[in-house]
Amino acid sequence: MTSDNSASTDAGWTDRLLGGLRKTSERLTENLAGITGATRLSDTQLDDLEDALILSDLGPSAASRIREKLATGRFEKGLDEAALAEAVAAEIAAILRPVAKPLEIVAFPRPQVILVIGVNGSGKTTTIAKLAHLFQEQDYSVMLAAGDTFRAAAIGQLKVWAERLGIEIVTGPEGGDPASIVFDAVKAATDKGIDTLIVDTAGRLQNKRELMDELAKVRRVLGRLNPEAPHDVVLVLDATNGQNALQQIEIFKEVAGVTGLIMTKLDGTARGGVLVAAAEQYGLPIHAIGVGEKIDDLRPFDPDLVAKVIAGVVR
Ligand SMILES: Nc1nc2c(ncn2[C@@H]2O[C@H](COP(=O)(O)OP(=O)(O)O)[C@@H](O)[C@H]2O)c(=O)[nH]1
Ligand SMILES: [Mg+2]
């Protein structure tokens with residue numbers, strides 16, 4: 001992905017973003033309703049504002065930051081719902097801007113190895129397919145590695161995507177050693193001069209020790225072939241998990257050294273505010289967001305537009 005603006009601001013994507021984040025935007029708008037009045041927010045109104053932001057999953061830390069900013073603000077034209085939404089959007093944008101960083105293919109030598117981690121069902125495999133598609137659109141060659149050998153279905157699912165996208169995939173038997181698949185994949189991708197190798201992994205969070213051992217082993221094997229690899233360790237988070245998604249950041253940071261986040265399923269949830277909470281609390285790069293199940297439902301995001309959508313300025 002590059003920061004090419006056409007990727008994040010075309011009309012089709014804006015519509016999908018609006019559609020996807022509608023529930024989140026409605027929740028925040030509802031929670032903020034009624035906070036109107038004079039040119040300044042009173043202490044009671046500031047309390048209400050802070051509560052509304054927390055209720056909308058933005059998290060206590062973003063909520064208090066926004067509260068502090070708005071406490072000193074003056075609403076010269078009077079405080080109505082639109083003015084408040086705009087002020088909140090500006091503060092959300094300020095939180096999202098520093099973390100909105102597209103995943104870029106810059107590794108030399110190639111391939112850039114992207115390890116994708118996260119709990120089962122968070123959207124890893126689908127996100128890998130979407131990322132592969134994005135990179136293909138930018139003329140990068142992509143290879144996949146089916147490092148989730150825990151379930152046969154997981155391998156099959158990635159294979160189907162690889163066939164559909166016309167890209168190579170390295171797989172192994174169900175129950176096989178992910179580290180050996182990853183080893184073969186890095187060798188193959190290096191020999192063929194592939195630009196990026198995206199590695200799927202299992203997300204057995206119920207057994208933290210095993211997960212940690214498995215990811216550590218995969219990392220060791222990667223490092224043996226290329227000391228820089230993995231270049232990216234991308235944690236995939238399901239926005240519908242709300243605050244639990246934040247706990248997953250804690251856990252995966254500890255077991256795998258996360259370098260960036262992708263948040264999926266921002267459609268179909270009113271809890272999209274968790275994107276802002278994640279940005280504020282962890283400051284990790286957020287590479288892209290997923291707003292649907294289709295192959296082009298994942299994009300790097302424009303922080304200002306997303307902020308306006310969440311706050312209900314753009315509808
Ligand atoms: N609505 C929606 N569904 C998604 C999104 N991303 C993934 N999914 C769905 O979530 C389910 C689990 O995804 P999968 O990629 O298999 O998760 P994994 O277990 O982490 O590999 C699948 O049904 C996907 O289609 C998204 O952005 N929006
Ligand atoms: Mg999977």
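Thresholds, definitions, all that
- Residues numbered from 1 in each chain as written.
- Chains lettered and ligands numbered in written order.
- Predicted model: local features only at pLDDT ≥ 70, side-chain atom pairs only at ≥ 80, totals over all residues.
- Helix = DSSP H or I, 4+ residues; strand = E, 2+ residues; numbered from the N terminus.
- Buried ≥ 20, exposed ≤ 12 C-beta atoms within 10 Å, placed from the backbone.
- Contact = placed C-beta atoms within 7 Å.
- Expected span 1.5 Å × (residues − 1).
- Arc of directions from axis to C-beta.
- Axes fitted to C-alpha atoms, helices over the stretch in contact; angles between N-to-C directions.
- Parallel < 35°, antiparallel > 145°, perpendicular 65-115°, else oblique.
- Left-handed = near helix turned anticlockwise from the far one by under 90°.
- Pairing = 2+ DSSP bridges.
- Domains from an automatic or database assignment.
- Nonpolar A, V, L, I, M, F, W, Y, C, P; charged D, E, K, R; others polar.

*Asks:* Even after reading the chapter, I still don't get the overall build of the chain, so can you show me in this structure?
*Replies:* Secondary structure summary: the chain contains 13 helices and eight strands in total. For the chain, buried positions account for 50% of its 315 residues. Counted over contacts in the chain with a minimum sequence separation of 6, partners at least 24 positions apart contribute 78%.

*Asks:* How do you make sense of helix H5 (residues 59–71) when you look at a structure like this?
*Replies:* Along an α-helix, residues three or four apart share an orientation, since each turn contains 3.6 residues. Here H5 is 13 residues long and its end C-alpha atoms lie 18 Å apart, about the 18 Å a rise of 1.5 Å per residue gives. Along H5, the positions that sit buried rather than exposed are Gly59, Ala62, Ala63, Ile66 and Leu70. The buried residues of H5 occupy an angular sector of 100° when projected down its axis, which confines them to one face. Contacts made by the buried residues of H5 are with helix H4 (43–55), helix H6 (81–96) and helix H12 (274–282).

*Asks:* How should I be thinking about the environment of Met263 in this particular structure?
*Replies:* Along the chain, Met263 falls in strand E6 (residues 260–264). It is 9.3 Å that separates the C-alpha atoms of Met263 and Val274, two residues lying 11 residues apart in sequence. When near neighbours in sequence (up to four residues on either side) are disregarded, Met263 contacts Leu237, Ala239, Leu275, Ala278, Ile286, Ile289 and Gly290.

*Asks:* Is there a simple way to think about the packing of helix H7 (residues 124–137) against helix H8 (residues 152–165) in this case?
*Replies:* To characterise two packed helices, one gives the angle between the axes of the helices and the distance between these axes. At their nearest, the axes of H7 and H8 sit 10 Å apart, and the two run at 20° to each other. The pairing of H7 with H8 is recorded here as roughly parallel in orientation. H7 and H8 meet at a crossing whose hand is right-handed. Packed against H7, whose contacting residues are Thr125, Ile128, Ala129, Ala132, His133 and Gln136, the element H8 presents Ala154, Gln157, Leu158, Trp161 and Leu165 at the interface.

*Asks:* Would you mind going over the sheet that holds strand E5 (residues 232–238) with me for this structure?
*Replies:* One key point about sheets: their strands pair by backbone hydrogen bonds, in either a parallel or an antiparallel sense. Strand order in the open sheet formed by eight strands is E3-E2-E4-E1-E5-E6-E7-E8, and the pairing between neighbours is mixed. On the outer flanks of this sheet lie strand E3 (168–170) and strand E8 (298–299), each paired with one strand and no other. Of the pairings in the sheet, the one linking strand E1 (residues 112–117) to E5 comprises four bridges and is parallel in character. Bridging across to E5, Leu115 finds its partner in Val233. Along the sheet face, helix H10 (residues 208–225) touches E1, strand E2 (142–147) and strand E4 (196–201) and points at about 175° away from the line of E1.

*Asks:* Would you take a moment to explain the domain arrangement of the chain for this structure?
*Replies:* Much of the literature gives interface size as the accessible area that the parts lose upon coming together. Along its sequence, the chain is carved into domain 1 (5–99) and domain 2 (112–301). Its C-alpha centre places domain 1 at a distance of 31 Å from the equivalent point of domain 2. Taken together, the contact between domain 1 and domain 2 spans 24 residues of the former and 25 residues of the latter. Those elements that place two or more of their residues in the side of domain 1 that touches domain 2 are helix H1 (5–9), helix H2 (11–20), helix H3 (22–32), H5 and H6. For the side of domain 1 that touches domain 2, a count of residues per class yields 11 nonpolar, seven polar and six charged.

*Asks:* Is there a simple way to explain unusual backbone geometry in this structure?
*Replies:* For the bond from Arg110 to Pro111, the omega torsion is 0°, close enough to zero to count as cis. Position of Pro111 among the secondary structure elements: in the loop between H6 and E1. Look at the link from Ala229 to Pro230: it is a cis peptide, with omega at -5°. A positive phi is found at Asp57, a non-glycine position, where the angle reads about 70°. The topology assignment puts Asp57 in the loop between H4 and H5. The exposure class of Asp57 is buried, given the 25 C-beta atoms found within 10 Å. In this model, Asp139 sits at a positive phi of 65°, which is unusual for a non-glycine residue. Residue placement: Asp139 occurs in the loop between H7 and E2.

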